[in-house]
Amino acid sequence: MIVREGYPFVLGSFAIAVVLGAWLGSAWAIFPSVLGSYFIYFFRNPEREVPQDDSVLVAPADGKVMDIVPVEDDEFVKESANKVIIFMSVFDVHVNRSPMSGEITCQRYSCGHFHPAFDDNVGAENERHLLGISNGRLRITVTQIAGLLARRIVSWVTLDDHLEQGQRYGLIKFGSCAEVVMPKSVEVTVKKGDKVIGGVTIIGRIKG
C-alpha cells in the first residue's frame, strides 16, 4: 500500500517508460521504470502494531535519532522540555504518526529554506509544520521539517482534530526530519544514534 500522493509519481514514471520504450527501444525505458519502482518504495505506507499505552510516546517517523537537546520554557509545552530530533533518509518510510492521543490545539506552518535535514539549523531555518497536541495530561509538539530534497510537507489534519496514538497525519517528500518536544516529566527512552520506527518505537515514558 502506498499513500495517494505517490500515485502521480509512480504512474508518471511508468507512463514515461512505456512511451520511451515504444518510441526509442526498451533500453530507454529502464531508468523511468527503476524510478517508478523507487517511488513505490518511497511512498509505502505499512501497517504498524501501535502500543496501546497512554503513558508512553511513540516515534513520529522512521529514521535515526540525530540528537536529544534540552529546551527551556517551550512556548506550547510551557515548561522545560527535551527535544528528540529524528532524521529520515530517502530510504525510510516518510509517513508521519502522532506520538500520543490528543487534540490538535496548535498548528503552525512556517516557510523557510531547504538546507540538508541533518544540518544543525534545520529546525530554525527550514520550512516546517508544527502541531501542538494536548490530552489534558500532557502537552507536546511534533514538527515536520523539510530538507534538501523534501520540497513539500503534506498534512492530512487540521486544528481541533483528534489524533489517536500512532495515527498517520502526514508525510514529507523526499528526505527530511521530525522533531518531538516533550516535557521533562517524560523520560526519554532513546539515545542519539538509535534507529526508530514510526508508531512503534517508544521514545518517551511518563515518569511515575
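Everything below is about the structure shown above.
In this report, the structure presented in the accompanying data block is examined. (Residues numbered from 1 in each chain as written. Predicted model: local features only at pLDDT ≥ 70, side-chain atom pairs only at ≥ 80, totals over all residues. Heavy atoms only, no water.)

1. Observations regarding a nonpolar patch on the surface
Next up, step 1: A contiguous nonpolar patch, built from Val19, Trp23, Leu24 and Trp28 and spanning about 520 Å² of accessible area, is present on the exposed surface.
Next up, step 2: Positionally, Val19 belongs in helix 1 (residues 7-24).
Next up, step 3: Given the relative accessible area of 38%, Val19 is considered partly exposed. (Patch = residues over 30% accessible without salt bridge, like charges linked within 9 Å, V, L, I, M, F, W, Y side chains within 5 Å. Areas by Shrake-Rupley, 256 points an atom, 1.4 Å probe, with all protein chains shown as cover. Salt bridge = Lys/Arg side-chain N within 4 Å of Asp/Glu carboxyl O. Helix = DSSP H or I, 4+ residues; strand = E, 2+ residues; numbered from the N terminus. Buried < 20%, exposed > 50% of the residue type's maximum accessible area, 1.4 Å probe, protein only.)

2. Focus: the sheet that holds strand 10 (residues 168-173)
Next up, step 1: Spatially, three strands are ordered 4-10-8 in an open sheet, and the strand pairing comes out antiparallel. Of all strands in the sheet, those bounded by a partner on one side alone are strand 4 (95-97) and strand 8 (152-155). In this sheet, neighbouring strand axes are inclined to one another by 25° on average, regardless of whether the strands run parallel or antiparallel.
Next up, step 2: Across three bridges, strand 4 lies against strand 10 in antiparallel orientation. (Pairing = 2+ DSSP bridges. Axes fitted to C-alpha atoms, helices over the stretch in contact; angles between N-to-C directions.)

3. A word on the pattern of salt bridges
Next up, step 1: All chains considered together, the criterion is met by nine salt bridges.
Next up, step 2: Its salt-bridge partner being Arg4, residue Glu5 comes within 3.7 Å of it at the nearest N-O pair.

4. Quick word on the packing of helix 1 against helix 2 (residues 30-42)
Next up, step 1: Interaxial distance between helix 1 and helix 2 falls to 8 Å at its minimum, and their mutual angle equals 165°. What the angle tells us is that helix 1 and helix 2 run roughly antiparallel. Classified by chirality, the crossing of helix 2 by helix 1 is left-handed. Residues Phe9, Val10, Ser13, Phe14, Ile16, Ala17 and Leu20 of helix 1 form the contact with helix 2, whose participating residues are Pro32, Ser33, Leu35, Gly36, Ser37, Phe39 and Ile40.
Next up, step 2: In terms of residue class, the contact of helix 1 with helix 2 is built from 10 nonpolar, four polar and no charged. (Parallel < 35°, antiparallel > 145°, perpendicular 65-115°, else oblique. Left-handed = near helix turned anticlockwise from the far one by under 90°. Contact = heavy atoms within 4.5 Å. Nonpolar A, V, L, I, M, F, W, Y, C, P; charged D, E, K, R; others polar.)

5. Here's the deal with the sheet that holds strand 14 (residues 202-206)
Next up, step 1: The three strands lie next to each other as 1-14-12, forming an open sheet whose pairing is antiparallel. Two strands in the sheet have a free side with no partner beyond their single neighbour: strand 1 (56-58) and strand 12 (186-188). Adjacent strand axes in the sheet meet at a mean angle of 25° when their direction is disregarded.
Next up, step 2: Two strands pair when backbone bridges link them, and strand 1 and strand 14 are joined in this way by three bridges, in the antiparallel orientation. Bridge pairing in strand 14 links Leu57 to Gly204.

By themselves, these are just geometric observations and shouldn't be taken as functional.
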